[in-house]
Amino acid sequence: MGSASDDGRDRDAEGRARSARPRDGLGRPLPYGADGVERQPEGVVRTPEQTVEEAQALLEAGKPFHAHEVFEDAWKSGPEEERALWRGLAQLAVGLTHAARGNLTGGARLLRRGAGAVDEWGAEAGLERPYGMHLPELVAWARELAGVVERDKAPVDAGAWAPRLRGSKA
């Protein structure tokens, strides 16, 4: 990682503020010295197909926070015309993260916001299956989960609720 700066904040190798505290599988900070889950590297440029595969594996492992970082890399490094798609997918992963952490209001809100963004992007692009992802099914999953979170008023199991990015028939 990096080291502490003059202001006492952890910094990465480029001098950007970045906490060196270990994190759990849902991205929550743990005390310094605790055993945490390996951090997802930031700023990695992947092909869209690699992004989908890596994010899917992280989602299935119950690590939606880490999947969000993969989507965020695609959003920041991909072509302008796809940024809204990747940003929407990142919002879905963060929504699942919050729902699993117990931030139910924030989780439901982000799931709906991400679903709207993905749905809108798909309609404007005229695509239902970019990079093999099944957008209508993904949007339906997010809206269903938002409703479950609000109805049950309890955290969800991130791995059990992991979406199938390429659809249930993939």
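The structure under discussion appears in the preceding block.
A.B. asks: Just checking my understanding: could you explain helix H2 (residues 64-77) for this structure?
C.D. replies: Three- or four-residue spacings in an α-helix give side chains the same orientation, since the helix completes a turn every 3.6 residues. In this model H2 runs 20 Å from its N-terminal to its C-terminal C-alpha over 14 residues, within 8% of the 20 Å that 1.5 Å per residue would give. Within H2, 10 of the 14 residues are buried, which leaves the element mostly enclosed by the surrounding structure. For H2, the set of buried residues is Pro64, Phe65, His66, Ala67, His68, Glu69, Val70, Phe71, Asp73 and Ala74. Contacts from the buried residues of H2 go to helix H1 (48-60) and helix H3 (83-101).

A.B. asks: In this structure, what is going on with the environment of Gly102? I would like to understand it.
C.D. replies: Along the polypeptide, Gly102 turns up in the loop between H3 and helix H4 (104-125). Judged by relative accessible area, which is 34%, Gly102 ranks as partly exposed.

A.B. asks: I keep staring at the nonpolar core and nothing clicks. Help me out?
C.D. replies: Note that soluble globular proteins tend to have their nonpolar side chains buried in a common cluster. Among the nonpolar cores identified, the biggest contains 37 residues, and Leu89 and Leu92 are the most heavily contacted of them. If you list the elements that add at least two residues to this core, you get H1, H2, H3, H4 and helix H5 (135-152). Per element, the largest residue contribution to this core is nine residues, and it comes from H3.

A.B. asks: Please clarify how H3 should be interpreted in this entry.
C.D. replies: Its 19 residues place the ends of H3 27 Å apart at the C-alpha level, agreeing with the 27 Å of an ideal helix rising 1.5 Å per residue. A positive phi of about 105° marks Gly102, the residue just after H3.

A.B. asks: Teacher, can you tell me more about unusual backbone geometry here?
C.D. replies: Glycine aside, the phi torsion of most residues is negative, and most peptide linkages are trans. Unusually for a residue other than glycine, Tyr131 sits at a positive phi of about 55°. Mapped onto the elements of the fold, Tyr131 is located in the loop between H4 and H5.

A.B. asks: Could you clarify how one ought to interpret the packing of H1 against H2 in this entry?
C.D. replies: What describes two packed helices is the angle between their axes and the distance between those same axes. Two elements in contact, H1 and H2, have axes whose closest approach is 7 Å; the angle formed by their N-to-C orientations is 165°. As judged from the angle between their axes, H1 and H2 are roughly antiparallel. Both H1 and H2 take part in a crossing whose hand is left-handed. Seen from H1, the contacting residues are Thr51, Glu54, Ala55, Leu58 and Leu59; seen from H2, they are Pro64, His66, Ala67, Val70, Phe71 and Ala74.

A.B. asks: Could you clarify how one ought to interpret empty space enclosed by the protein in this entry?
C.D. replies: Sizing a probe to match a water molecule and rolling it over the atoms shows the empty space that remains. Considering all chains together, one arrives at one cavity of 30 Å³ or more under this definition. Estimated volume of the largest cavity: approximately 50 Å³. Lining the largest cavity, in full, are Leu59, Phe71, Leu89, Leu92, Ala93, Leu138, Trp141, Pro163 and Leu165. Contributions of two or more residues to the lining of the largest cavity are made by H3 and H5. Classifying every residue of the lining of the largest cavity by side-chain character gives nine nonpolar, no polar and no charged.

A.B. asks: Please explain the environment of Leu92 as it appears in this structure.
C.D. replies: Note that Leu92 resides in helix H3. Here Leu92 falls in the buried class, since its relative accessible area comes to 3%. Between the alpha carbons of Leu92 and Gly114 there is a distance of 5.0 Å; along the sequence they are 22 residues apart. With sequence-adjacent residues up to four places away left out, Leu92 is seen in contact with Leu111, Gly114, Ala115, Val118, Leu138, Trp141 and Ala142.

A.B. asks: Would you take a moment to explain the environment of Ala115 for this structure?
C.D. replies: Counting through the fold element by element, Ala115 comes out in helix H4. In this structure Ala115 touches Leu92, Val139, Ala142 and Arg143, once residues within four positions along its chain are discounted.

A.B. asks: For this particular structure, what's the right way to read the pattern of salt bridges?
C.D. replies: If charged atoms from side chains of opposite charge come close, those side chains can pair. One pass over the full model with this rule turns up eight salt bridges. Across the pair Arg46 and Glu54 runs a salt bridge, and its minimum N-O distance is 2.8 Å. When its relative accessible area of 14% is taken as the criterion, Arg46 is described as buried. We classify Glu54 as partly exposed; its relative accessible area is 29%. A salt bridge links Arg151 to Asp152; the nearest nitrogen and oxygen atoms lie 2.8 Å apart. Take Asp152: its relative accessible area is 41%, and that puts it in the partly exposed class. Put simply, Arg46, Glu54 and Asp73 are held in one network by salt bridges that share partners.

Calculation criteria
- Residues numbered from 1 in each chain as written.
- Predicted model: local features only at pLDDT ≥ 70, side-chain atom pairs only at ≥ 80, totals over all residues.
- Heavy atoms only, no water.
- Helix = DSSP H or I, 4+ residues; strand = E, 2+ residues; numbered from the N terminus.
- Expected span 1.5 Å × (residues − 1).
- Buried < 20%, exposed > 50% of the residue type's maximum accessible area, 1.4 Å probe, protein only.
- Contact = heavy atoms within 4.5 Å.
- Core = buried A, V, L, I, M, F, W, Y, C linked by side-chain atoms within 4.5 Å.
- Axes fitted to C-alpha atoms, helices over the stretch in contact; angles between N-to-C directions.
- Parallel < 35°, antiparallel > 145°, perpendicular 65-115°, else oblique.
- Left-handed = near helix turned anticlockwise from the far one by under 90°.
- 1 Å grid on protein atoms, 1.4 Å probe; cavity = no way out; pocket = protein on both sides within 12 Å on 5 of 7 lines; lining within 4 Å.
- Points joined across faces, edges and corners; volume = space filled by probe spheres on them.
- Nonpolar A, V, L, I, M, F, W, Y, C, P; charged D, E, K, R; others polar.
- Salt bridge = Lys/Arg side-chain N within 4 Å of Asp/Glu carboxyl O.

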